[in-house]
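Chain by chain, the residues:
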Amino acid sequence: MERTIDQAGKVVLRAAERDGIGTVWDRFEQQTPQCGFGEMGVCCRNCMQGPCRIDPFGEGASRGTCGATADTIVARNLARSIAAGTAAHAGHAKHLAHALLKWAEGKAPDYPVKDGAKLQSLAAKLGIDTDNKSTQELARAVAQAALADFSEKETPVAWAAVNVTQGRLEKFLKYGVIPTGIDAAISEVMHRTHYGVDADPINLLLGGVKCALADFAGCHMGTDLADVLFGTPQPVVSRANLGVLKQDAVNIALHGHNPVLSDVIAQMASEMNEEAVRAGASQGLNLVGICCTGNEVLSRHGIPSATHSVSQELALLTGAVDAMVVDYQCIMPSLGNLAECLHTRLITTMPIAKIPGAVHLEFKEETARKTAKEIVRLGIESYKNRGSKSVNIPPYEETSIAGFSTEAIVGALALLNKDDPLALLIDHIVNGNIQGVCLFAGCNNVRVTQDLNFVTMAKELARQNVLLLATGCGAGAFARHGLLTSAATNEYAGFGLKLVLTALGEAAGLGGPLPLVLHMGSCVDNSRAADVAVAVANKLGVDLDKLPVVASAPEATTEKAISIGTWAVAAGLPTHVGVVPPVIGSPAVTKVLTEDIRDFFGGYFIVDTDPVSSAAKLMEAIQARRKGLGL
Ligand code: BF8
Ligand code: SF4
């Protein structure tokens, strides 16, 4: 199997192979063949009588030592994965809430509210009285409302309840899956999956859905508070792929997730440029992004994305990265080891995420700019140590247009219909110029030829006039392959889609169509896509499960991707996953996830590893929804 279809990645991988340096792909090979029990989800080690495993072929044990069946074990494992994903998004959101509160209390002067209008509208949405309140007072009230959403209370999690249609909310209440605390939902999953608690697979899966809705709340809060603190993204033109690294610059890669750290560094870059030049870097300081941090600073500052997900090691292997600054999530432990072999300083910043081989420089909101400066300075020092070591920057980079927040999309529509922007989108869905909408999300996965599923599916769907949205490393994949451009629209969009994107792009002064894929941000920003869908549903007066809107994580990897996929299904979307999740050891659970769950929420999982047939299945789902609407 080819490792990647990305030209830049191929260049660096060839060099690594020549030099005998192993990467994630080599380590994966060493792991194969992987344990079939684990792959199918029928391995349990939830107590010390285990590990237990069920023989899915009926020849060995059909129950664990305690009597748990494959159905129980698979459902328990899945629920735990959702809880882990939720915890990650919740931690991210909570971090932002604390930063906002600290600023409101005068303890973190480096976090002034940047988007006061968003703060106002957010407060209003949450039912907070906005009259005669200063920005500080509002910020404090919103931050407190956010923090109150984490622990158990009598009422639904606000960020879940106010961000869905009324119909969804009623459904969630009916099935008892509306969370009443984000952390409480995570804790409840850990409780019910402990030895000897919940053994009913359906009940466990509903518990998983409840936790996934807490994940939705965490994602949405992450987006909202980041916009308040750092600004709501607007379209921005930048570049992507390893070619954005510069030979004669101090290259600092920002990697991880939370803009609490990376946005402050981005804000300071221009101040530190001179210092980099004085250190001998004629091209000054060059910040680049990796993974979702990359998406955050791309969307708000136009900072180019070097790479994402499985290819993060390749950025270091160019020899051009002087420092890589990380916070948390999706940062491979292997980076520490690699950095030790290179001149690169890997800088960890969060108390919960230290990596052997890295230097740790703790980041605190109270002293954000000061610490950010120290971090950048470490990068400059490291550049001096680069010396004459060889640098291998593959000459590949693509233009990438990003920054399509919900507000930016509505703004673009408003250029053609000021009074009723959404009506324009709906008209084009009704007249068939746009057949439907597909949100591409999630990671790359070493099991899949990197980017192949993303690119193949996007081209298939675009040809059939499906409007494409993307977040996370998926958006990164499209960026690497030039699909976030007007040129891609001209080349790959079907007639109707091209017509709409061209009208919008020209109204926006792009001199050509909007990009083929609209980059909506990082993974928490899947909430932005949900907002667009909710607005359209409300306008049409139907619930989300009637819309010709689908989602796909064609190369999903992380537990966060599992929690997002689960809330997408609960939101009513047919949701494709292009790698086989560890559930197939229970045919019953598999059937619930791919079929029966539809009776509850309207959404369901489509599991298919072939990108062409996956696109066909999503197209079929879109057509079925159109038919349901009488289109
Ligand atoms: O939250 S897409 S590899 S970076 S989990 Fe991670 Fe997956 Fe990338 Fe962002 Ni999302
Ligand atoms: Fe085995 Fe049951 Fe313990 Fe799991 S909880 S390890 S199935 S005894």
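Each remark here, short or long, concerns the structure printed above.
(A) Region of interest: the pairing of strand β15 (residues 574-577). Of the two faces of β15, both are covered, the one formed by P574 and H576 as well as the one formed by T575 and V577. Note that strand β14 (residues 549-553) and β15 share three bridges and pair parallel. In the sheet register, A553 faces β15, and the bridge partner there is V577. In this view, the connection linking β14 to its parallel neighbour β15 by way of helix α23 (residues 559-570) has right-handed handedness.

(B) Expanded view of the site of ligand 2. Neighbouring residues of ligand 2: C44, R45, N46, C47, Q49, G50, C52, G64, T65, C66, R76 and Y195. For the shell around ligand 2, a count of residues per class yields five nonpolar, five polar and two charged.

(C) Quick look at the coordination of the nickel atom of ligand 1. Only one protein atom coordinates the nickel atom of ligand 1: C523 (SG), located 2.2 Å from the metal. Geometry at the nickel atom of ligand 1 is irregular, judged from its four donor atoms and the angles of 89 to 162° they form at the metal. Here C523 lies in the loop between β13 (517-521) and α22 (526-540).

(D) Main features of helix α8 (residues 166-174). R168, L169 and F172 are the residues of α8 that are buried. Burial along α8 is one-sided: seen end-on, the buried residues are contained in an arc of 100°. Opposite the packed face of α8, turned more than 90 degrees from it, sit the exposed residues Q166 and K174. Buried residues along α8 sit against α7 (158-161), α10 (201-230), α23 and α24 (587-601).

(E) The arrangement of the sheet that holds strand β12 (residues 466-471) in detail. In spatial order, the strands read β13-β12-β11-β14-β15-β16; together these six strands make up an open sheet with parallel pairing. This sheet does not close on itself; its edge strands, each paired only once, are β13 and β16 (604-607). Here the average twist between neighbouring strands, direction ignored, is 25°. Note: β15 against β16, four bridges, orientation parallel. Within β16, the residue paired with P574 across the bridge is Y604. α23 rests against β15 and β16 of the sheet, and its axis sits at about 125° to β16.

(F) Region of interest: the site of ligand 1. Looking at ligand 1, the residues that line it are H257, C291, C292, S309, C330, G442, C443, C473, C523, T558 and K560. H257 is positioned with one of its side-chain polar atoms (N or O) 2.7 Å from an oxygen atom of ligand 1. Separating an oxygen atom of ligand 1 from a side-chain N or O atom of K560 is a distance of 3.0 Å. Here the residues of the shell around ligand 1 are counted per class, giving six nonpolar, four polar and one charged.

(G) Representation of the nonpolar core in the model. Counting residues in hydrophobic clusters, the biggest one holds 186 residues, and the most contacted among them are Y111 and F440. For Y111, the contacting residues outside a window of four places in its chain are A99, W103, L229, F230, V260, V264, F363, E365 and A368. With 34 residues, the next largest nonpolar core counts W25, L245, V326 and L346 among its residues.

(H) Structural view of unusual backbone geometry. Following T32, the chain continues to P33 via a peptide bond in cis, the omega torsion being -5°. Relative to the assigned elements, P33 resides in the loop between α2 (24-31) and α3 (36-40). The phi dihedral of N241 is positive, around 105°, even though this residue is not glycine. By the element assignment, N241 lies in the loop between β3 (236-240) and β4 (250-255). The exposure class of N241 is buried, given its relative accessible area of 3%. The phi dihedral of Q329 falls on the positive side, at around 75°, and the residue is not glycine. Position of Q329 relative to the elements: it lies in the loop between β7 (321-326) and α14 (334-341).

(I) Summary view of a nonpolar patch on the surface. There is a patch of nonpolar side chains on the surface, built from V580, I584 and V607 and spanning about 220 Å² of accessible area. Relative to the helices and strands, I584 is located in the loop between β15 and α24. On the accessibility criterion, I584 (39% relative accessible area) is partly exposed.

(J) Fine view of the side chain of Q312. Position of Q312 among the secondary structure elements: in helix α13 (residues 312-317). At 2.9 Å, the side chain of Q312 and the backbone oxygen of C330 are in polar contact. Filtering out sequence-adjacent residues up to four positions away, Q312 remains in contact with H255, I290, C291, T307, M324, C330, I331, M332 and L335.

(K) Seen up close, the pattern of salt bridges. All chains considered together, the criterion is met by 36 salt bridges. Across the pair K102 and E365 runs a salt bridge whose closest N-O atoms are separated by 3.0 Å. Placement of K102 in helix α4 (residues 70-104) and of E365 in the loop between β9 (359-360) and α15 (368-386) is noted, with a sequence separation of 263 residues between them. Relative accessible area serves as the criterion here: at 6%, E365 is assigned to the buried category. A salt bridge links K118 to E407; the nearest nitrogen and oxygen atoms lie 2.8 Å apart. With K118 in helix α5 (residues 116-125) and E407 in helix α16 (residues 406-414), the pair connects residues that are 289 residues apart, well separated along the chain. Of the residues examined, E407 reaches a relative accessible area of 34% and is grouped as partly exposed.

Rules used in this analysis
Residues numbered from 1 in each chain as written. Chains lettered and ligands numbered in written order. Predicted model: local features only at pLDDT ≥ 70, side-chain atom pairs only at ≥ 80, totals over all residues. Heavy atoms only, no water. Buried < 20%, exposed > 50% of the residue type's maximum accessible area, 1.4 Å probe, protein only. Helix = DSSP H or I, 4+ residues; strand = E, 2+ residues; numbered from the N terminus. Pairing = 2+ DSSP bridges. Right-handed = clockwise from strand over helix to strand, strands pointing away. Near = heavy atom within 4 Å. Nonpolar A, V, L, I, M, F, W, Y, C, P; charged D, E, K, R; others polar. Donors = N, O, S within 2.8 Å, 3.2 Å for Na, K, Ca; no water. Tetrahedral: all angles 85-135°; square planar, octahedral: opposite > 155°, others 65-115°. Arc of directions from axis to C-beta. Contact = heavy atoms within 4.5 Å. Axes fitted to C-alpha atoms, helices over the stretch in contact; angles between N-to-C directions. Polar contact = N/O pair within 3.5 Å; in protein donor to acceptor, adjacent residues only side chain to side chain. Core = buried A, V, L, I, M, F, W, Y, C linked by side-chain atoms within 4.5 Å. Patch = residues over 30% accessible without salt bridge, like charges linked within 9 Å, V, L, I, M, F, W, Y side chains within 5 Å. Areas by Shrake-Rupley, 256 points an atom, 1.4 Å probe, with all protein chains shown as cover. Salt bridge = Lys/Arg side-chain N within 4 Å of Asp/Glu carboxyl O.

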